[in-house]
Amino acid sequence: MATIRTRFAPSPTGRMHVGNLRTALYAYLIAKHENGSFVLRIEDTDKERYVEGAVDIIYRTLQGTGLIHDEGPDKDGGYGPYVQSERFAKGIYLEYAKQLVEKGAAYYCFCSKERLGTLKSTIGSEDGDEDNEVKEITKYDKHCLHLSKEEIEEKLANKVPFVIRQNIPVQGTTTFKDVIFGEISVKNEELDDMILIKSDGYPTYNFANVVDDHLMKITHVVRGNEYLSSTPKYTRLYQDFGWEEPVYIHCPLITNEEHKKLSKRSGHSSYEDLLEQGFVSEAIVNFVALLGWSPQSNKEIMSLEELIEEFDYNNINKAPAVFDMVKLRWMNGEYIKNMEFDKYYSLALPYIKEVIKKDLDLRKIATLVKTRIETFCDIKDMIDFFEELPDYDIAIYTHKKMKTTAESSLGVLQELLPRFEALDDYSEDNIENVIMTYIKEKEIKNGQGLWPIRTAVSGKQSTPGGAYEIMSIIGKEESLSRIKKAIEKLS
RNA sequence: GGCUCCAUGGUCAAGUGGUUAAGACACCGCCCUUUCACGGCGGUAUCAGGGGUUAGAAUCCCCUUGGAGUCACCA
């Protein structure tokens with residue numbers, strides 16, 4: 001069996017959306033599972049949509065997720081160039097398009113936009129109150145197919161703008177096979193004579209894709225389900241060229257909560273957005289891998305290596321999957337909890353420093369919060385009280401389960417204040433000692449003694465860490481000040 | 001609207017003719033506990049509907065319904 005070669009072929013149009021990332025991931029996993037090659041190809045045939053810097057984003061994303069390509073613009077594997085605009089410059093696409101013209105499988109078309117406009121027919125529900133989405137549909141009428149050789153020559157000589165269209169037979173059906181969806185047949189009459197070469201000379205995505213996949217010896221084409229309906233046209237192209245078709249793997253769509261395809265516009269996250277939202281790269285990859293596929297073993301938390309080991313594209317689901325942020329959050333929390341401390345600390349530090357300006361033990365704060373956050377962005381609201389005592393309502397001193405009230409709390413704080421004043425070394429142990437001694441003397445429940453203190457020094461109903469940790473972190477001066485303030489409030 | 005695809009809990013999903021229909025997230029309860037988390041234990045909840053095929057259907061076929069994708073000189 002030949003070595004598997006898959007490719008990831010993004011367009012440099014902005015950030016990497018999760019659907020795109022998932023496609024890249026699967027392409028990578030399929031190749032790596034079989035020790036094959038993963039190729040990166042930049043599809044920049046649309047100069048209108050080209051975004052400056054987008055290529056860098058692609059590199060950074062691949063780097064960040066660990067989807068390392070074996071070949072690409074920066075790693076020549078003998079099938080370059082790997083950037084379509086460079087391939088275009090070499091005249092590759094036009095050359096192949098002309099081949100098809102020779103064979104009668106494609107033809108020059110000189111129709112104006114205006115004429116094309118007259119071919120449009122409008123569909124859509126005018127009476128539908130809800131979704132009266134009106135669409136225009138064009139099916140080209142093969143008008144230029146019947147131009148004589150002389151007419152074509154003349155127009156070309158006169159520099160009449162032209163495109164090259166695929167000539168799809170009027171009769172018969174076209175069938176292709178997809179690994180996930182099986183055999184799919186479409187009547188040829190349903191297929192439009194799609195444009196292969198645009199009037200600016202550039203190839204369309206569909207054409208460039210076929211030519212490049214063939215030239216780069218791609219064995220498995222991994223792409224989103226949205227391409228399923230254009231695949232028959234690819235099949236025709238392969239057949240017209242006399243090339244062997246690759247194995248198609250159309251991944252199920254990733255949708256939003258409304259079960260609609262994720263798109264930039266739906267305000268949904270790209271990989272970069274997710275990083276900004278405090279997610280860990282590994283968690284994103286892990287989560288996305290499980291959208292549409294699940295391993296034989298019931299494992300959910302899987303490293304990229306484990307994914308490579310277990311991935312089997314025959315087990316990919318057909319149905320679209322909803323991108324569930326809640327579960328991503330959970331998974332991210334798992335990654336954070338299991339993360340080695342130093343790595344965690346370096347990632348968490350910027351978020352901590354955003355709120356903590358005072359000279360506090362940031363490592364300690366980071367530790368307290370490690371098992372409590374799901375994303376790094378959760379840190380902020382959790383630790384703000386270390387920096388400054390929030391304004392709080394004394395109602396929070398009342399806790400039924402702790403058996404505390406504002407009155408009982410006042411008593412505890414007043415009695416404890418002198419002992420805290422007497423204490424110099426605010427280590428956790430010392431503080432614990434002071435408090436527990438007091439609790440034993442008074443023969444009260446732990447909660448009765450601890451709740452008022454934690455509340456007083458934090459001003460919050462819930463906090464990461466307890467009384468000892470908090471006091472030890474904010475130190476003597478601040479602790480006393482907060483307790484005094486509490487006594488004042490409660491009096 | 002045409003074409004194509006899809007259909008197991010709220011979500012991700014196992015399942016491939018015989019199961020008490022896994023597991024995870026979420027939700028609820030209990031335990032642990034100085035709060036909140038973490039952790040542990042338990043619970044609610046799924047085969048869209050209708051016909052077949054079969055001794056037996058979540059699994060095979062058909063229809064209905066519902067949903068999605070696509071129909072560009074965008075990818």
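A few points on the structure. Computed from a prediction, not measured in an experiment: that's the story for all the values here.

All right, on to the pairing of strand S1 (residues 5-8) then. Along S1, one buried face is formed by Arg-5 and Arg-7 and the opposite face, lined by Thr-6 and Phe-8, is buried too. With four bridges connecting them, S1 and strand S2 (residues 37-40) associate as parallel partners. If you follow Thr-6 over to S2, its bridge partner there is Phe-38. For the segment spanning S1, helix H1 (residues 18-33) and S2, crossover handedness is right-handed.

All right, on to the side chain of Arg-454 then. For Arg-454, the location among the structural elements is in helix H18 (residues 446-458). Look at Arg-454: it is buried, it has no salt bridge, and the nearest opposite charge is Glu-469 at 8.5 Å.

Throughout the structure, instances matching the rule amount to 22 aromatic pairs. Where Tyr-26 meets Phe-311, the ring centres are 4.9 Å apart and the plane angle is 45°; that geometry is what we call tilted. Pair noted here: Tyr-26 is in helix H1 and Phe-311 is in the loop between helix H11 (304-310) and strand S13 (321-322), with a separation of 285 residues, a long-range link. A ring pair is formed by Phe-287 and Phe-323, whose centres lie 5.2 Å apart and whose planes are at 90°; its orientation type is edge-to-face.

Take the pattern of salt bridges next. This model, assessed by the stated rule, comprises 29 salt bridges. Note that Asp-213 is salt-bridged to Arg-41, the shortest N-O span being 3.0 Å. In this pair, Asp-213 is assigned in helix H7 (residues 205-215) and Arg-41 in the loop between S2 and helix H2 (54-65), connecting sequence segments 172 residues apart. Asp-213 sits in the buried class, given a relative accessible area of 2%. Ionic contacts of the salt-bridge type, sharing partners, join the residues Arg-7, Arg-41, Glu-43, Arg-87, Asp-212 and Asp-213 into one network.

At a minimum axis separation of 8 Å, H18 and helix H19 (residues 467-490) run at an interaxial angle of 80°. For the element pair H18 / H19, the angle class is roughly perpendicular. Together, Leu-450, Ile-453, Arg-454, Ala-456, Val-457 and Ser-458 of H18 and Ala-467, Tyr-468, Ile-470, Met-471, Ile-474, Ser-479, Arg-482, Ile-483 and Ala-486 of H19 make up the contact between the two elements. Its residues placed into classes, the contact of H18 with H19 shows 11 nonpolar, two polar and two charged.

Count 3.6 residues to each turn of an α-helix, and residues three or four apart come out pointing the same way. Considered for burial, the residues of helix H14 (residues 362-370) that qualify are Leu-362, Ile-365, Ala-366, Leu-368, Val-369 and Lys-370. Turning to H14, the residues buried within the fold contact helix H12 (325-338), helix H13 (341-355), helix H15 (379-387) and H19. With a side-chain oxygen lying 3.2 Å from the backbone nitrogen of Arg-363, the N-terminal cap of H14 falls on Asp-361.

Across the sheet, three strands lie side by side as S3-S6-S9; this open sheet has antiparallel pairing. Every other strand in the sheet has two partners, leaving strand S3 (106-109) and strand S9 (195-197) as the edge strands with one partner each. With strand direction ignored, the average angle separating the axes of adjacent strands in the sheet is 40°. As judged from the two bridges shared by strand S6 (residues 163-166) and S9, these two strands associate in the antiparallel manner. Bridging across to S9, Ile-164 finds its partner in Ile-197.

Looking now at a negative patch on the surface. Taken together, the side chains of Glu-150, Glu-151, Glu-153 and Glu-154 make up a negatively charged region of the molecular surface. Take Glu-154: it is sitting in helix H6 (residues 149-157).

Here we take up the protein's contact with RNA strand B. Around RNA strand B sit 61 residues in total, of which Ser-11, Lys-261, Gly-292, Glu-300 and Arg-372 are the nearest. Per the 4 Å cut-off to the protein, sugar and phosphate atoms form 65% of the nearby atoms of RNA strand B. With respect to RNA strand B, the side chain of Ser-11 contributes an N or O atom lying 2.5 Å from a sugar or linking oxygen. Contact between RNA strand B and Lys-318: a phosphate oxygen at 3.4 Å from a side-chain N or O atom of the residue. Broken down by secondary-structure element, the contributors of at least two residues to the surface near RNA strand B are strand S5 (135-137), strand S8 (182-187), S13, H12, H18 and H19. Top contributing element to the surface near RNA strand B by residue count: H12, with five residues. Here the residues of the surface near RNA strand B sort into 23 nonpolar, 18 polar and 20 charged.

As a further point, take unusual backbone geometry. Positive phi, close to 60°, is recorded for Asn-35, a residue that is not glycine. Along the chain, Asn-35 turns up in the loop between H1 and S2.

Counting 106 residues, the largest nonpolar core has Phe-323, Phe-386 and Phe-420 as the members making the most contacts within it. Core analysis: the next-biggest nonpolar cluster, separate from the first, contains 39 residues, Tyr-93, Cys-111, Leu-119 and Val-210 among them.

Turning our eyes to something else, we now look at the packing of helix H4 (residues 92-103) against helix H8 (residues 231-241). Between two packed helices, both the angle of their axes relative to each other and the distance between the axes serve to describe the pair. Packing of H4 against H8 brings their axes to within 10 Å, and their N-to-C directions diverge by 75°. The angle between H4 and H8 places the two elements in the roughly perpendicular class. Contacts between H4 and H8 involve Tyr-96, Gln-99, Leu-100 and Lys-103 on the former and, on the latter, Leu-237, Asp-240 and Phe-241. Here the contact of H4 with H8 is composed, by residue class, of four nonpolar, one polar and two charged.

Rules used in this analysis
Residues numbered from 1 in each chain as written. Chains lettered and ligands numbered in written order. Predicted model: local features only at pLDDT ≥ 70, side-chain atom pairs only at ≥ 80, totals over all residues. Heavy atoms only, no water. Buried < 20%, exposed > 50% of the residue type's maximum accessible area, 1.4 Å probe, protein only. Helix = DSSP H or I, 4+ residues; strand = E, 2+ residues; numbered from the N terminus. Pairing = 2+ DSSP bridges. Right-handed = clockwise from strand over helix to strand, strands pointing away. Lys, Arg positive; Asp, Glu negative; His and termini not counted. Salt bridge = Lys/Arg side-chain N within 4 Å of Asp/Glu carboxyl O. Phe/Tyr/Trp six-rings, centres within 6.5 Å; stacked < 30°, edge-to-face > 60°. Axes fitted to C-alpha atoms, helices over the stretch in contact; angles between N-to-C directions. Parallel < 35°, antiparallel > 145°, perpendicular 65-115°, else oblique. Contact = heavy atoms within 4.5 Å. Nonpolar A, V, L, I, M, F, W, Y, C, P; charged D, E, K, R; others polar. Polar contact = N/O pair within 3.5 Å; in protein donor to acceptor, adjacent residues only side chain to side chain. Patch = residues over 30% accessible without salt bridge, like charges linked within 9 Å, V, L, I, M, F, W, Y side chains within 5 Å. Areas by Shrake-Rupley, 256 points an atom, 1.4 Å probe, with all protein chains shown as cover. Charge placed at Lys NZ, Arg CZ, Asp CG, Glu CD. Near = heavy atom within 4 Å. Core = buried A, V, L, I, M, F, W, Y, C linked by side-chain atoms within 4.5 Å.

Note that all results are geometric; they support no functional claim without further evidence.
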